[in-house]
Amino acid sequence: MQAALLLPVLALLPFAGSVLVLASPNAQRMRAVSLAAAVVVAATALALAAAPAVFAGEVLHWRIDWMPQLGLSFGFRMDGLAWLFALLIGGIGMLIVLYAAYYLDPGDPAARFFAFLLLFMGAMLGVVLADNLLLLVVFWELTSLASFLLIGYWSHEAEARQGARMALTITGAGGLLLLGGVVLLGHIVGSFDLEAVLASGDLIRAHPLYPVALLLVLAGAFTKSAQFPFHFWLPHAMAAPTPVSAYLHSATMVKAGVFLLARMYPALGGSDLWFWTVAPVGLVTLLVGAYIAIFQHDLKGLLAYSTISHLGLITLLFGIDTRLAVVAAVFHILNHATFKASLFMAAGIIDHEAGSRDMRRLNGLWKSMPITAVLGTVASAAMAGVPLLNGFLSKEMFFTEAVGHNSSAVMNFLLPAGALVAGIFAVAYSVRFIHDVFFNGEPVGLPKTPHEPPRFMRLPVEVLVVLCVLVGLFPGLIIGPVLAVGAQAALFGGPYAPLPAYKLAIWHGFSLPLAMSMTATAGGVLLYFALQRRFNLHRLARLPGWLASGGREAFHVVTEAKLRTARVVTETIENGNLQRYLFLLVAVALLAGLAPHLGAGPAPASAPVAGTPLTFGVLVIWAIGMAAATGTTIVYRQRLLALLLLGAVGLVVSLTFVYLSAPDLALTQLLVEMVTIILMMLALHWLPPESPREASRLRQVRDFVLAIGAGAGVAALSHALLTSDFDSISPYFLRTSVAQGGGANVVNVILVDYRGFDTMGEITVLGLAGIVIHALLAGFVPARRPAPPSAEPRSPFLPLIARLLLPLAVLLSLHLFLRGHNAPGGGFIAGLVLALALILQYVANGRQWVEQRLRTDFRAWIGAGLLIAGAAGIGSWFFGAPFLTSSYAYWALPVLGAVPLASAVVFDLGVCLTVVGATMLALVSIGRLTPPEGAPR
Amino acid sequence: MTVEFVLAIGLGVLTAAGVWLLLRERVFDVIVGLTLLSYAVNLFIFLTGRVRPGRPPIVESGLAPTLAHYADPLPQALVLTAIVISFAMTALILVIALRARAETGSDHVDGAEPADDAAGQRER
C-alpha cells in the first residue's frame, strides 16, 4: 500500500512544483532553478524507490473512482514499461534542468520556463502512469499544450509562434483522433480500464470495429511521434530553446507516440492490419528522415530529421510484430533518448558559445572547444551505430529483425534493403555532423569567439555520453534488467509475458546483420564525402527533389483554405441584413414544420370531427378580412392606407371572437386595436408617409413564394387542429369558478385568481414598456418639427361631444370594472376604455387644453397600479395563504341587497391603473413631440 | 363548406400577408406585418378551444359546468394576456423606430440606407 501511494505523489508533484515556480518572480532565476531541480530530483528518486517492487514483478496500482457510471476513474499504474519511462523522464529531466540553468539568457523569464517544463513533465508522467485510457488521453493533450507553450517560449519571434501553432494543430488533431479510438476501444471492451483493455486483445482484434479503432489510435501515435506524413511539425518546433528540443522533441514527448504503440501492443498488435499499417509508415519515415537530414544546414534541423528517422525505426520495429522486435524497439527508445538528448545539448552549447547554428559557418571547432568536440563525436558515433556504443547494439537488433523477417516477398526484400539504405544515410549525416562542425576548415563569420562552455553546462552531456559508452561496452550489466522489465511489460498477456531469448552482447559472431552494419558504415562515409566533393553540400540551398517544401507550404495552404471558407460562410449567413435573417428564420421554420410530413407523415391525431356549418355572416366577415389583409400587402407603400386596412383586419378578428363565444377577448381586441392604430398614426407623423419603391423585384417574388408557403402551412395546420377532437383541463375552472373564485366570468377569474401571477407579469411588462417609451422620448427634441397645428377654429362639434362623453366613459369604465368578475369586463377592459376616453380628449381638444386640466404624471399611475396589485397578493400572506390567494364575501348594502365582493377586485384595480398609466404614458410621450398649437415655429 | 375551413384559409392568408410584410425593408412595414402575424397567431392559439359559437364561458346556474355548455375559457385567458403584451411591444418598437430615424435619418431595417452602408464599408 505504501508503495502504491508513491504513484499519485510522483504524478502530481511536478504539477504542484509548476504552480510554485510560476508564483516566484521571473527575475530570480536561481530560485526557479532550485525549485525545479528539487522537484525533478524528488520525482526521479520516487521512481527509483519503486524499483524493487517493479523488479520483483509487481504492478503498482492506485486509484479513486471518479465517475463509475461513465467508467472514469482517476488512477495510476506502474508496470515495467511505465517505470522505465518514468526513469527516462525524470533522469533526463534532471540533466535538462541543470543545462537550462546555464542556457537561458539573463533576459529570459526563467520562472515561466521552468513552470512550463514542470507542467510538461507532470503531463508526460501522467501519460505513462495512467491506468485509464481516458485519463491517458487527457494527459496526452496536456503534453501537446505544454509543448505549445514551450515552443512559443520566445514569443517575440515569428518562427517560434508559427512552429508552436503548427505543432499544436497537428498533435492536437491527433489527440482528437486518439480520443475517438479510445472511446471505440472502451465500447468494444466495455471498460476504459487499462488492464481490462490489455487483457482483451483477442476480443478487440476479432471485433468488426477493430480497423477503425486501430487507425484512430495509430493516427494519434503517428502525429505525436512525427511519422510520415505528419512529420513536418518537428523541424519547425526547433524554434524552441535547445533544452526544450533536447527534452521534448527528442527524448520524451515524441516518444509518447511510440510509448502508446508499446502500451497498446498487447491489445492492438499482432494482426495483419497492424503490420501493413505500422511497418510501411515506419519504413518510409526512417528513409525520408534520414535522407533529408543529410542536406540540412542547421544543426538542430539535422538532429530533428534524424529524430524523425529514428522514431521511424522504432515504429518499424513495432510494426514488424515479433517479440524480439518489441524488445529491440524498447531498447532503442532508451538508447536514442540518451544519445539524442546529449547531441541536442551539444548543439545548444555550440549555439550558445559560437553564436550560430549554421554548419556552413561553423567549422573546425575542435580547436576551440576540444572536450565538447569529443563528446559530440562520441554521441554522433552512437547515432551512427558505431560498435562499442549503445546505438550499435540496438541497430544490430534492428538489422537482425529486418533480415529475419518473413511475411511476403515484397517485404522480405524491402525491409532489409530499407534498413541498409537507412543505415548508410544515418552514417552519412552523422559524419556530416562531426565533420562539418568540428573539422572542415576555419569558422566563417561567427558572431562570438567559440570557447568551452561552463563546467556544469557541459556536465549533462558528459553524463549521457558516458552512459552511451557504458551501455555499449557492458550492456547486460548496465541495462539488461531494466530492459527486461520494460520489454516484458510491453508484450502480450499482460505484465508477465515470457520474454524471448536474446543476448545483449557486443559480439554475436559473423552474421548478416554485422555485415550490414559494416556495409552501412563504409557506405555512409563514402556517400558523405562523395556528396561533399560533387555538390559541395554547403551550396545546396534547396533540397533535391520533391521533399523540398517540408510540409509547411501544405500546412499553410490548408489552414488558409479553411479560414477562407469560414469567412465566406459567415459573410453569407450573417451579413448584417435583417431581411436575410428573417427569410432564413421563416424558411427554416417552414422546413421544420414540413419535415415530419415528408415521407409517410404522422398519423392523424384522431378521427376528424364534423365541422360547424358555415353561416353567411362568417363568410362575409372573413371575405372582408382576407381582402383587407391582401390589400395591406398590395398598398403597403401608402402607409396610412395600409393602417386603415390593418384596422379592418383587427375588427374582423374582434368579430370572430364575438362569434366564437369570447366576449372579454373581443372587447380587449377591439380596444387594443384602437389604441394601436392611434399609436401608429402618431408615429407615422414622424416617419415618412410613404415607403420607397423597393429596388429588387427578385426579392419580392422570393418573399412572396416563402409567404405563400408559410401561409399554406399554417392553414393546413389550423385545419388539422380544428377538425381534431380534444380534451381540456378547463372543466376544473368551470366547476370551481363560482364556488371558490367568487365569479361567474370564468376568463376573468382565471386572469386575476387562478393565473394571477401571469397577469402580474403581464402588467409589469406593460408598465416597463411605458416607462421605456417615456425614457426614450423624454429629453428628445426632434430636429425637423412639423408645422404646429394652426390655431384656427376647428369644428366645434368634436370637442363638445368629446367633453360630454368623458363622464359617461368614466362611468362605463367603472361599470365594466365592477362587473368584471361576473360578466364580460374586468380590469383590462375598464382601463382601456378610460385610456381611450382620455386620448379622445387629447385628440379633440388639443394637448394644451387637457394638460391644463389634467395635471398628472402617468408614471405614478403605473407605480401605484403595480404596488396595489402586489399588495393584493401579499395581503393573503397575512391570512396564512400563499401569494395572490383571493377570497370573497357578500356585503349587505341597504338598497342593493347582497353585493358579492371578491378580494380579487383589489388586484384588478392594480391592473386597471397600470393599463391606464402605461397606455397614456406611451401616447402622451409621443404626442408631446408635436409643439402645441399656436406655438411659434 | 365549414366554419373551420374558412377560418383555416383566413389564418393562412393573414400569415402569408404578415410574413411578406415582415420581409420588407422599412421598419414601419415590418411592424404592420408583425401585427398581422400576431393576429393570426392569437387566433390560432384561441382556436385550440375549437369552434364553439354561442356559449360564452359565463357560468349560469342550471347548466352543468362542462365543455358541452361553455366554450373553453383557458385559451381565451392566455390570448388576452398575449394581446396586451404584444401591444406593449408594438408601442416600444414604434418609438425605437422613431428615435432611430431621428438619429440616423433612415428608417431602413438595417439602420442605414444600403448605398450609405456600402460606402461606409468601403471606407473601412
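Given the structure is predicted, the values throughout are model-derived calculations rather than measurements. (Residues numbered from 1 in each chain as written. Chains lettered and ligands numbered in written order. Predicted model: local features only at pLDDT ≥ 70, side-chain atom pairs only at ≥ 80, totals over all residues. Heavy atoms only, no water.)

## Some points on a nonpolar patch on the surface
All names here are of chain A. Definition in use: Patch building starts from residues that exceed 30% relative accessible area and form no salt bridge, then joins like charges within 9 Å and nonpolar side chains (Val, Leu, Ile, Met, Phe, Trp, Tyr) within 5 Å. Throughout, the Shrake-Rupley method with a 1.4 Å probe supplies accessible areas, and for residues the shown protein chains are the sole cover considered. One speaks of a salt bridge when a side-chain nitrogen belonging to Lys or Arg is within 4 Å of a carboxyl oxygen belonging to Asp or Glu. In this description a helix means any DSSP run of H or I spanning at least four residues, a strand means any run of E spanning at least two, and both kinds are numbered starting from the N terminus.
Together, Leu-388, Val-466, Leu-467, Leu-470, Leu-473, Phe-474, Leu-477 and Ile-478 give the surface a local cluster of nonpolar side chains, amounting to about 690 Å² of exposed area. Elements with a contribution of two residues or more to the nonpolar patch: helix H20 (455–473) and helix H21 (475–478). Per-element accounting of the nonpolar patch gives the leading share, four residues, to H20. Structurally, the position occupied by Phe-474 is in the loop between H20 and H21.

## Concerning the interface of chain B and chain A
Counted only if it meets this: By the convention used here, residues are in contact when the closest approach between their heavy atoms is within 4.5 Å. By definition, the buried area sums, over both parts, the 1.4 Å-probe accessible area that each loses when the two are put together. In protein, a polar contact means a hydrogen-donor-capable atom and an acceptor-capable atom, both N or O and within 3.5 Å, with residues adjacent in sequence counting only if both atoms are side-chain atoms; elsewhere, any N or O pair within 3.5 Å suffices. Under the scheme applied here, ten amino acids are nonpolar (Ala, Val, Leu, Ile, Met, Phe, Trp, Tyr, Cys and Pro), four are charged (Asp, Glu, Lys and Arg), and all others, including Gly, are polar.
Listed by partner, the interface residues are 84 residues for chain B and 100 residues for chain A. Summed over both sides, the interface of chain B with chain A buries roughly 8800 Å², with 78% coming from carbon and sulfur. Connecting chain B to chain A are three salt bridges. Two residues, Arg639(A) and Asp107(B), come together in a salt bridge whose shortest N-O distance is 3.0 Å. Where chain B meets chain A, there are 23 residue pairs in polar contact (both at pLDDT 80 or more). For the side of chain B that touches chain A, the secondary structure elements donating two or more residues are helix H1 (3–22), helix H2 (27–46) and helix H3 (73–104) of chain B. At 26 residues, H3(B) tops the list of elements feeding residues into the side of chain B that touches chain A. When grouped by side-chain class, the residues that make up the side of chain B that touches chain A number 57 nonpolar, 13 polar and 14 charged.

## Examining the packing of aromatic side chains
Two aromatic rings, taken as a pair, are described by how far apart their centres are and by the angle between their planes. Spelled out, the test is: Under the pairing criterion, centres of Phe, Tyr and Trp rings, with the six-membered ring standing for Trp, must be within 6.5 Å; the plane angle then separates stacked pairs below 30 degrees from edge-to-face pairs above 60, leaving the rest tilted. The rule is simple: take the accessible area with a 1.4 Å probe, protein chains only, and divide by the maximum for that residue type; under 20% is buried, over 50% is exposed, in between is partly exposed.
Within this structure, the stated rule accounts for 26 aromatic pairs over all chains. Where Tyr636(A) meets Trp20(B), the ring centres are 5.3 Å apart and the plane angle is 80°; that geometry is what we call edge-to-face. A residue pair is termed interchain when its members come from two chains, as with Tyr636(A) in the loop between helix H26 (616–634) and helix H27 (639–659) and Trp20(B) in helix H1. We classify Trp20(B) as buried; its relative accessible area is 11%.

## Considering the pattern of salt bridges
Pairing between side chains of opposite charge can happen when their charged atoms approach one another. Enumeration over the complete set of coordinates arrives at 24 salt bridges over all chains. For Arg77(A), the salt bridge goes to Glu195(A), with nearest N and O atoms at 2.9 Å. Of this pair, Arg77(A) sits in strand S2 (residues 72–78) while Glu195(A) sits in helix H8 (residues 194–199), and the two are 118 residues apart along the sequence. The exposure class assigned to Arg77(A) is buried, which follows from its relative accessible area of 2%. The partner of Arg263(A) in a salt bridge is Asp79(A), with the nearest N and O atoms 3.0 Å apart. With a gap of 184 residues between them, Arg263(A) in helix H13 (residues 255–268) and Asp79(A) in the loop between S2 and helix H4 (80–103) connect regions that are remote in the sequence. What makes Arg263(A) buried here is its relative accessible area of 2%. One continuous salt-bridge network, built from bridges that share partners, spans Arg639(A), Glu25(B), Arg26(B), Asp107(B) and Glu113(B).

## Quick word on unusual backbone geometry
It is generally the case that most residues other than glycine have a negative phi and that most peptide bonds are trans. Residue and element names in this part refer to chain A. Across the junction of Phe-228 and Pro-229, the peptide omega takes the value -5°, indicating a cis bond. Within the fold, Pro-229 resides in the loop between helix H10 (210–224) and helix H11 (233–236). The backbone phi angle of Ser-661 is positive, close to 65°, even though this residue is not glycine. By the secondary structure assignment, Ser-661 is in the loop between H27 and helix H28 (663–684).

## Details of the environment of Leu92(B)
Structurally, the position occupied by Leu92(B) is in helix H3. By relative accessible area, which is 15% here, Leu92(B) ends up buried.

## Focus on helix H36 (residues 858–875) of chain A
As a reminder of what qualifies: For a helix, the expected span equals 1.5 Å multiplied by the number of residues minus one.
If you check H36(A), its first and last C-alpha atoms are 25 Å apart, about what 18 residues at 1.5 Å a residue would give, namely 26 Å. The inward-facing, buried residues of H36(A) contact helix H32 (756–777), helix H34 (827–845) and helix H37 (904–927) of chain A.

## A short note on the pairing of S2(A)
Residues and elements named next belong to chain A. For the record, the criterion: Two strands make a pair as long as DSSP finds a minimum of two bridges between them.
Counting buried residues along S2, seven of its seven residues qualify, which places the element largely inside the surrounding structure. The sheet contact formed by strand S1 (residues 60–67) and S2 spans seven bridges and is antiparallel. Residue Trp-62 lies in a different strand from S2, and its bridge partner there is Phe-76.

## Observations regarding H32(A)
Note on helix geometry: an α-helix contains 3.6 residues per turn, so any two residues three or four positions apart are oriented the same way. In this model, H32(A) (22 residues) spans 32 Å end to end at C-alpha, consistent with the 32 Å of a helix rising 1.5 Å per residue. Those residues of H32(A) lying buried are Gly756(A), Thr759(A), Met760(A), Glu762(A), Ile763(A), Leu766(A), Gly767(A), Ala769(A), Gly770(A), Ile773(A), His774(A) and Leu777(A). Looking at the buried residues of H32(A), the elements they touch are helix H31 (746–754), H34, H36 and H37 of chain A together with H3 of chain B.

Note that every value here comes from positions in space, so none of it alone points to a role or purpose.
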